[in-house]
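So the chains spell out like this:
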Amino acid sequence: MDRFILLMLACILAGFALLKVPLAGTFLAGIEPITNIIGILAIVIFSLILIFKGLVALVGK
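Residues numbered from 1 in each chain as written. Predicted model: local features only at pLDDT ≥ 70, side-chain atom pairs only at ≥ 80, totals over all residues. Heavy atoms only, no water.

Visitor: How should the overall build of the protein be read in this particular structure?
Guide: Looking only at helices and strands, one finds two helices and zero strands in the protein. Taking 2.2 N^0.38 as the reference for a compact globule, 61 residues should give roughly 10 Å; the C-alpha atoms of the protein span a radius of gyration of 15 Å, well beyond that estimate. Projecting the C-alpha coordinates of the protein onto the three principal axes gives extents of approximately 50 × 20 × 10 Å. Buried positions account for 13% of the 61 residues belonging to the protein. (Helix = DSSP H or I, 4+ residues; strand = E, 2+ residues; numbered from the N terminus. Rg over C-alpha atoms; globule rule 2.2 N^0.38 Å. Buried < 20%, exposed > 50% of the residue type's maximum accessible area, 1.4 Å probe, protein only.)

Next up, the structure:
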């Protein structure tokens, strides 16, 4: 399997991890909205890249 595809999947998983990390009650609670935005952006951007790569593979450059 292509390493690039695995890297994109890892980035999507990291985005989900940023969304689910519990920051309440810690000194990092103030940056929770920022981590949520970064997590959502990571999921959307890397998912779109995977969709694009899949379409290019289907069409055949």
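The structure having been displayed, the exposition proceeds.
Visitor: Can you help me understand helix α1 (residues 3–20) in this one?
Guide: Because an α-helix packs 3.6 residues into every turn, residues spaced three or four apart end up facing the same way. The end-to-end C-alpha distance of α1, which contains 18 residues, comes to 26 Å, matching closely the 26 Å that a straight helix rising 1.5 Å per residue would cover. Looking only at α1, the buried set comprises M8, I12 and G15. Seen from one end, α1 has its buried residues packed into an arc of 55°, which puts them on one side. Projecting away from the buried face of α1 at angles above 90 degrees are the exposed residues R3, L13 and K20. On its buried side, α1 packs onto α2 (32–59). (Expected span 1.5 Å × (residues − 1). Arc of directions from axis to C-beta. Contact = heavy atoms within 4.5 Å.)

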